[in-house]
Amino acid sequence: MRQIFLLILLFIVGQWLVKALRRAEASRTARTGAGDDAGANARTGTRTSGQANGTNGGASGKSPAQLAEPMIRCVECGVHAPKSESVLVAGQTFCSHDHAKRYAARPTGRDAR
Ligand SMILES: [Zn+2]
């Protein structure tokens, strides 16, 4: 009976080894493709690094469209928002029209008016 357990254990270990090898190869080949996203996220700030870490399990395949969308940083409050929901005013990006207005109304702003 114990031999069966040993066989199963060997089988699992073998599969694990194959998976590890495949993952190493995949990460090597996927680096060129995923490098684009990682670079874009790193440029916007460190807040998105958590998302990048979460995808190291399956770098290829299941990534939703959310990751493909570039994130921008609100100049007023520093919050990262998807580009489609952001507001672009005078070359500055904001998370909402409210913050764009607030930034423009601020007397210390160089670009005000
Ligand atoms: Zn904001």
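Located above this text is the structure these notes cover.
The paragraphs below set out a description of the structure included in this document. (Residues numbered from 1 in each chain as written. Predicted model: local features only at pLDDT ≥ 70, side-chain atom pairs only at ≥ 80, totals over all residues. Heavy atoms only, no water.)

1. A word on the overall build of the chain
Regarding its fold elements, the chain presents four helices and four strands. Element order for the chain, N to C, with α for helix and β for strand: α-α-α-β-β-β-β-α. Buried residues in the chain amount to 16% of all 113 residues. Considering only contacts within the chain whose residues lie at least 6 apart along the sequence, 21% involve residues at least 24 apart. A total of about 9,300 Å² of accessible surface is found on the chain, and carbon and sulfur atoms cover 58% of it. (Helix = DSSP H or I, 4+ residues; strand = E, 2+ residues; numbered from the N terminus. Buried < 20%, exposed > 50% of the residue type's maximum accessible area, 1.4 Å probe, protein only. Contact = heavy atoms within 4.5 Å. Areas by Shrake-Rupley, 256 points an atom, 1.4 Å probe, with all protein chains shown as cover.)

2. What about the coordination of the zinc ion?
In the first shell of the zinc ion, the protein supplies C74 (SG), C77 (SG), C95 (SG) and H99 (ND1), at 1.8 to 2.3 Å from the metal. Around the zinc ion, the four donor atoms are arranged such that angles at the metal cover 99 to 122°; this shape is classified as tetrahedral. Read in sequence order, the donor residues for the zinc ion give the motif C-x2-C-x17-C-x3-H. Here C95 falls in the partly exposed class, since its relative accessible area comes to 23%. (Donors = N, O, S within 2.8 Å, 3.2 Å for Na, K, Ca; no water. Tetrahedral: all angles 85-135°; square planar, octahedral: opposite > 155°, others 65-115°.)

3. Structural notes on the nonpolar core
C74, V87, F94, A100 and Y103 together form the largest nonpolar core, which totals five residues. Excluding its chain neighbours within four sequence positions, the residues that come into contact with F94 are I72, C74, V75, E76, S86, V87, V89, H99, A100 and Y103. (Core = buried A, V, L, I, M, F, W, Y, C linked by side-chain atoms within 4.5 Å.)

4. Quick notes on unusual backbone geometry
Despite not being glycine, A90 has its phi angle at roughly 55°, a positive value. For A90, the position within the fold is in the loop between β3 (87-89) and β4 (92-94). Judged by its relative accessible area of 65%, A90 falls in the exposed class.

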